[in-house]
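Understanding the architecture of this molecule
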Amino acid sequence: MAPAITLAAEAPKLSAANTGFMLICSALVMLMTPGLAFFYGGMVRVKSTLNMLMMSFISLGIVTILWVLYGFSMAFGTDSGSLIGWNSDWVGLSNIGLTQLWDGYTIPIFVFLVFQLMFAIITPALISGALADRVKFSAWALFITLWATVVYFPVAHWVWGAGGWAFELGVIDFAGGTAVHINAGAAALGVILVIGKRVGFKRDPMRPHSLPLVMFGAGLLWFGWFGFNAGSWLGNDDGVGALMFVNTQVATAAAMLAWLAYEKIRHGAFTTLGAASGAVAGLVAITPAGGAVSPLGAIAVGVIAGVLCAMAVGLKYKFGYDDSLDVVGVHLVGGVVGSLLIGFFASGHGQSDVAGLFYGGGLTQFWKQCAGVFAVLAYSLIVSALLAFILDKTIGMRVPEDDEIAGIDQAEHAETAYDFSGAGGGAAKTAGVAAAVAGAESKKVDA
């Protein structure tokens, strides 16, 4: 009998199909940041619309430059102590070949890094919704710079970087339940505890000024989230990305319906804001879990997240923290719910053979998920609060009270979202109405 010949495993080759697929997914994730801007922009009062848009858009500029200079190296470079990465060849994205593949995959490093860049951009943008109406734009830009450097880049390494402690522990986070949503939600809570409430919180009406804009933004988020989630498998060869795509749709639909049902029972109406918020809650919750659960499991994740997030948004009135646009209630709570439910609903037939409690796997994975969830939550909460405290005591985080009352758009950007000067009465009438509104709000504050 001839001796057996052992052949070395064939090295991966660049796949044009996977490369194209991932570039499309990257573009979809980029679209989510403008979608988020419209979603948040419609939820604020008219005098804060532009500021809310800009707080998302500025992240596209700042984080892109940081990622090129050192962010990608910190997040995905060679591990150091299971806490941070570094690769000097990636500083400034130098010494990366055009066809050099991401280790173990069939896509170029450039494709992987630009996909991950879009995650890095939207994560700090998520925080902005909690701070509506009251933060200096310059302070916000500096906060993004510091927060991405000392919070997002290290946490991304923990969760997704080779050698990161959560990655090595076996914490499952398919597309960002911990690194993106818990991270951003905990940061939002940390910052608002430092900077305080809006003028008139729990006293003045602070209703969304444009629900159509909210629905448009939610639609863009839902659309872009398919790239966010399905693309996180970094290819399309084995069906796991397709499972994630299906579960993204299923969980989002279930969460929207569950939120609306809760809203009808609790408040007596089905609202458009509830539909949009429920959809986002489902998208958040399925993000970490969608590669591990079945479509029936995705329904369960969506329903549970929809109800719990709908309940959680009211906690700000009970406990007195001013989470302007429910970042804590939707992203923090939704991220925690989706991440922990992996320990119960992981089927063992998705991204790995890990099974949760309901599929005979016991609670082993649940405890791993707890470690990842609460470590990221605590780190982001504490460090974000410290950053906000330092900035508040140095350059100041908040705009003056008069500017907040009159409108942060005019104070910080010298613009207004809507110009009615050509409609029935001209500029003088418009200015008079604006002055009257500002005067009325000022009287409320004085009272």
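Residues numbered from 1 in each chain as written. Predicted model: local features only at pLDDT ≥ 70, side-chain atom pairs only at ≥ 80, totals over all residues. Heavy atoms only, no water.

Moving on: the overall build of the protein. Along the protein, the regular secondary structure elements total 16 helices and 2 strands. Expected size for 447 residues packed as a compact globule is a radius of gyration near 22 Å; at 23 Å, the protein falls within 12% of this value. Dimensions of the protein, computed from the C-alpha atoms along their principal axes, are close to 100 × 50 × 40 Å. Looking at the protein residue by residue over its 447 residues, the buried ones come to 55%. The contacts in the protein between residues at least 6 apart in sequence include a share of 76% that link residues at least 24 apart. Counting every atom, the protein has about 18,100 Å² of accessible surface; 68% of that belongs to carbon and sulfur. Each charge class in the protein was averaged separately, 20 positive and 26 negative side chains, and the resulting centres sit 13 Å apart. (Helix = DSSP H or I, 4+ residues; strand = E, 2+ residues; numbered from the N terminus. Rg over C-alpha atoms; globule rule 2.2 N^0.38 Å. Buried < 20%, exposed > 50% of the residue type's maximum accessible area, 1.4 Å probe, protein only. Contact = heavy atoms within 4.5 Å. Areas by Shrake-Rupley, 256 points an atom, 1.4 Å probe, with all protein chains shown as cover. Lys, Arg positive; Asp, Glu negative; His and termini not counted. Charge placed at Lys NZ, Arg CZ, Asp CG, Glu CD.)

Turning our eyes to something else, we now look at the pattern of salt bridges. Applying the stated criterion across every chain yields a total of 6 salt bridges. With a shortest N-O distance of 3.0 Å, D133 and R45 are connected by a salt bridge. Here D133, found in the loop between helix 3 (109–127) and helix 4 (137–160), pairs with R45, found in the loop between helix 1 (16–43) and helix 2 (49–76); they are 88 residues apart in sequence, far enough to count as distant. In this structure, D133 and R45 share a single accessibility class: buried. Two residues, R198 and D322, come together in a salt bridge whose shortest N-O distance is 2.8 Å. Pair noted here: R198 is in the loop between helix 6 (177–195) and helix 7 (211–230) and D322 is in the loop between helix 11 (315–319) and helix 12 (327–345), with a separation of 124 residues, a long-range link. (Salt bridge = Lys/Arg side-chain N within 4 Å of Asp/Glu carboxyl O.)

All right, on to the environment of G302 then. With respect to the helices and strands, G302 occurs in helix 10 (residues 295–312). A relative accessible area of 0% means that G302 is categorised as buried. Along the primary structure G302 and L126 are separated by 176 residues, whereas in three dimensions their C-alpha atoms are 20 Å apart. In contact with G302, not counting residues within four places along its chain, are A251, A254 and A255.

Close inspection of predicted coordinates is inappropriate in any region flagged by low pLDDT. On average, residues of the protein score 93 in pLDDT, and 92% of them reach the 70 mark or higher. This stretch, residues 1–8, has a pLDDT under 50; its non-local contacts, to residues over four places away or in other chains, come to 0 contacts. Below a pLDDT of 50 lies the segment residues 426–447, which in the model reaches 17 contacts outside its immediate sequence neighbourhood of four places, other chains included. (pLDDT = per-residue confidence, 0-100.)

Bringing the packing of aromatic side chains into the picture now. Per the stated rule, a full pass over the model turns up 29 aromatic pairs. With a centroid separation of 5.9 Å and 40° between ring planes, the pair formed by F72 and F76 is classed as tilted. With F72 and F76 both in helix 2, this residue pair falls 4 residues apart, about one helical turn. A single burial state applies to F72 and to F76, both of which are buried. With a centroid separation of 5.9 Å and 90° between ring planes, the pair formed by F119 and W160 is classed as edge-to-face. Of this pair, F119 sits in helix 3 while W160 sits in helix 4, and the two are 41 residues apart along the sequence. Residue F119 is classed as buried on the basis of its relative accessible area, which comes to 1%. Through a chain of ring-to-ring contacts, the aromatic side chains of W67, Y70, F72, F76, W90, W102, F112, Y152 and F153 assemble into a single cluster. (Phe/Tyr/Trp six-rings, centres within 6.5 Å; stacked < 30°, edge-to-face > 60°.)

Ranked by internal contacts, the top residues of the largest apolar core, which has 111 residues, are F72 and L131. Once residues lying within four places of it in the same chain are set aside, the contact partners of F72 are W67, G77, W90, L93, W102, I109, F112 and L113. (Core = buried A, V, L, I, M, F, W, Y, C linked by side-chain atoms within 4.5 Å.)

Summed over all chains, the structure comprises 0 disulfides. The thiol sulfur of C370 is not disulfide-bonded, and the nearest other cysteine sulfur, from C309, lies at 17 Å. The exposure class of C370 is buried, given its relative accessible area of 12%. (Disulfide = S-S within 2.5 Å.)

This paragraph deals with a nonpolar patch on the surface. On the surface, L357, F358, Y359, L363 and W367 cluster together into a nonpolar patch covering about 520 Å² of accessible area. Look at W367 and you get exposed, because its relative accessible area is 54%. (Patch = residues over 30% accessible without salt bridge, like charges linked within 9 Å, V, L, I, M, F, W, Y side chains within 5 Å.)

It is worth spelling out the side chain of D326 at this point. Mapped onto the fold, D326 is located in the loop between helix 11 and helix 12. A relative accessible area of 16% means that D326 is categorised as buried. Setting aside anything within four residues of it in sequence, one finds D326 in contact with V313, K316 and H331.

This paragraph deals with the side chain of H157. When you line up the elements, H157 lands in helix 4. Ignoring sequence-local partners within four residues, the contact set of H157 consists of M74, A75, F76, G77, D79, S82, L83, I84, G85, A162, G163 and G164.

This brings us to unusual backbone geometry. Positive phi, normally seen in glycine, also occurs at D133, with a value near 85°. A residue is classified by how much of its surface remains accessible, and D133, at 3% relative accessible area, is buried. Backbone geometry places D326, a non-glycine residue, at a positive phi of 65°.

So, on to helix 6. With 19 residues, helix 6 ought to run about 27 Å at 1.5 Å a step, and its terminal C-alpha atoms sit 26 Å apart, in line with that. Of all 19 residues in helix 6, 17 are buried; the element is thus mostly enclosed. Two residues or fewer after helix 6 comes G196, characterised by a positive phi angle close to 85°. (Expected span 1.5 Å × (residues − 1).)

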